[in-house]
Amino acid sequence: MRRSTIVRATKWGLFGVLATQVAVAATLTGINRWRRRVRPRRSVFPRTPPERLTIGDNDAMIYTYGVDLYDDMLTAIRGARKRVLLESYIIKDDRVGHQFKRALIDAAERGVEVYLVYDGFANLVVPRSFFDFPDTVHVLRYPAFRPGVLLFNIRKSGRDHRKILTVDGEVGFVGGYNIGLMYANEWRDTHLKVSGPAVWELENAFVDFWNMNRASEQPEIDNIGNAEWDARFRVHRNVPELIIYPIRAMFLEAIDRAKESICITQAYFIPDRELVNALVTAAQQGVDVNVLVPERSNHIIIDWLARGQFSHLLQGGVRLWLYQDAMVHAKTATVDGHWSTIGTANMDRLSLTGNYEINVEIFDEGVAEHLEKVFDNDLSNARELTEDEWQGRPVAAKFSEIVLAPWRGIL
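Fair warning: this is a prediction, and the values are worked out from it, not measured in the lab. (Residues numbered from 1 in each chain as written. Predicted model: local features only at pLDDT ≥ 70, side-chain atom pairs only at ≥ 80, totals over all residues. Heavy atoms only, no water.)

**Student:** How should the sheet that holds strand β5 (residues 137-142) be read in this particular structure?
**Tutor:** An order of β1-β2-β9-β7-β6-β3-β4-β5 is seen for the 8 strands of this open sheet, with the pairing classed as mixed. In this open sheet, the two edge strands, each paired with only one partner strand, are β1 (52-55) and β5. Strand-to-strand twist across the sheet, computed as the mean angle between neighbouring axes with direction ignored, equals 15 degrees. Where strand β7 (residues 171-175) lies against strand β9 (residues 191-195), 5 bridges are found, and the strand directions are antiparallel. (Pairing = 2+ DSSP bridges. Helix = DSSP H or I, 4+ residues; strand = E, 2+ residues; numbered from the N terminus. Axes fitted to C-alpha atoms, helices over the stretch in contact; angles between N-to-C directions.)

**Student:** Is there a simple way to explain the packing of helix α6 (residues 246-257) against helix α7 (residues 273-284) in this structure?
**Tutor:** Two quantities define a packed helix pair, namely the angle between the helix axes and the distance between the axes. In the contact formed by α6 and α7, the axes pass within 9 Å of each other and the chain directions differ by 15 degrees. Between α6 and α7, the crossing angle belongs to the class labelled roughly parallel. Like other packed secondary-structure pairs, α6 and α7 cross with a definite hand, here left-handed. Contacts from Arg248, Phe251, Leu252 and Ile255 of α6 reach α7 at Glu274, Leu275, Ala278, Leu279 and Ala282. (Parallel < 35°, antiparallel > 145°, perpendicular 65-115°, else oblique. Left-handed = near helix turned anticlockwise from the far one by under 90°. Contact = heavy atoms within 4.5 Å.)

**Student:** Honestly, the nonpolar core in this entry has me stumped. Any pointers?
**Tutor:** One broad rule of soluble globular proteins: the nonpolar side chains tend to lie buried together. Among the nonpolar cores identified, the biggest contains 48 residues, and Tyr70, Ile77, Val84 and Phe100 are the most heavily contacted of them. Counting residues per element, this core draws most heavily on helix α3 (residues 95-109), at 7 residues. (Core = buried A, V, L, I, M, F, W, Y, C linked by side-chain atoms within 4.5 Å. Buried < 20%, exposed > 50% of the residue type's maximum accessible area, 1.4 Å probe, protein only.)

**Student:** Which parts of the structure should I look at to understand the packing of helix α2 (residues 66-78) against α3?
**Tutor:** Two numbers describe how α2 lies on α3: the axes approach to 9 Å, and their chain directions differ by 15 degrees. Judged on the interaxial angle alone, α3 and α2 are roughly parallel. In this structure, the crossing between α2 and α3 has a hand that is left-handed. Here Tyr70, Met73, Leu74, Ile77 and Arg78 of α2 lie close against α3, whose contacting residues are Val96, Gln99, Phe100, Ala103, Leu104 and Ala107. The residue makeup of the contact of α2 with α3, split by class, is 9 nonpolar, 1 polar and 1 charged. (Nonpolar A, V, L, I, M, F, W, Y, C, P; charged D, E, K, R; others polar.)

**Student:** Would you explain α6 in this entry?
**Tutor:** Residues spaced three or four apart along an α-helix point in a common direction, a consequence of the helix completing one turn every 3.6 residues. In this model α6 runs 17 Å from its N-terminal to its C-terminal C-alpha over 12 residues, within 8% of the 16 Å that 1.5 Å per residue would give. Turning to α6, its buried residues are Ile247, Met250, Phe251, Ala254 and Ile255. Projected onto a plane normal to the axis of α6, the buried residues spread over an arc of 125 degrees and lie on a single side. Exposed residues pointing more than 90 degrees away from the buried face of α6 are listed as Asp256 and Arg257. (Expected span 1.5 Å × (residues − 1). Arc of directions from axis to C-beta.)

**Student:** Would you take a moment to explain the sheet that holds strand β15 (residues 332-335) for this structure?
**Tutor:** Note: strands within a sheet are paired through backbone hydrogen bonds, in either parallel or antiparallel orientation. Across the sheet, 8 strands lie side by side as β10-β17-β16-β15-β11-β12-β13-β18; this open sheet has mixed pairing. One side of each edge strand has no neighbouring strand; the edge strands of this open sheet are β10 (233-238) and β18 (382-385). Within this sheet the neighbouring strands show an average axis-to-axis angle of 15 degrees, counted without direction. Where β15 meets strand β16 (residues 339-343), 4 bridges bridge the pair, whose relative direction is antiparallel. Paired with Val335 across the bridge in β16 is Trp339.

Right under this line is the structure:
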């Protein structure tokens, strides 16, 4: 009798917690929708022009504005002679999306080998007909649902969150930009273009993913040659199927080695305990640690989950900057003006221990200097969140953060 009472009370308690979480999430979502209607975002924000850089034997360029990036990506595809490999988490059925679709079809009609990968779940709102291509374009739709997830098989978890384009093994692009009109001129993101031997690293990443996930009737990609090892330019890939997640370790190692400065830009910032402690430890050792995040991202619940870490970070000496009136979607970091990373991984569980992701790690003072210039320019459109302001937030906000805190382990 006593045991059944305890069990029943526990069930009702868990139900009450879940109901409260759902109510808080629904309230926040409703407020956010109302706010977007009465105060729509502006799409004007400071831009850092692309700048040509050198990494060893490679030429590089960093983009912070989608229009510039898409122009160069489309130019590369339109000039392709041998092979185009394009992988994108999201491709919108809009003017920009159709420009890329047309460029891929035209390339295939010229006799170029064309391969396209997109994520089925991320594009559920995009009509499937948009991804109907001629047979000359090889298309791989990463499944929206993999049955192994129901058996808690972590090898079958995660989305294909990567964004890669390579053309003829001569030029490659990687970074945070999805493909769509909204991303072209309304979001602040960061992408890298590289020309030279390092393109092989990106091409090899695409080929491995394609060959691992292709259907039996789809061609296997081979004969992409070999590349010389260049320790200044390294590509790290999270591969759930193989339970390989090196990007988190890359961040931890770089933060641990910091002596002077750390600059991090993140769209969705929900670092785990080890990452939070690493940032706080660096700050307490005299490192100038700065983290830039959107004040309001496109995912309101993720914003509130991220805020649950702010107290610890601010009290530990980490400086937090909130990007104003526009979505900053970049996933970049620099350390000590020497080390940099640009890629697709957010600092959250989904990216660091869940999704297929790709980040480039660069040891080059010129690249780090340019990214620090981008960071400083972004700060001109951001405000610093002080510890006093944060501690004075409303009780309702503190309550909501506590209620939603268990979700941090999921997202």
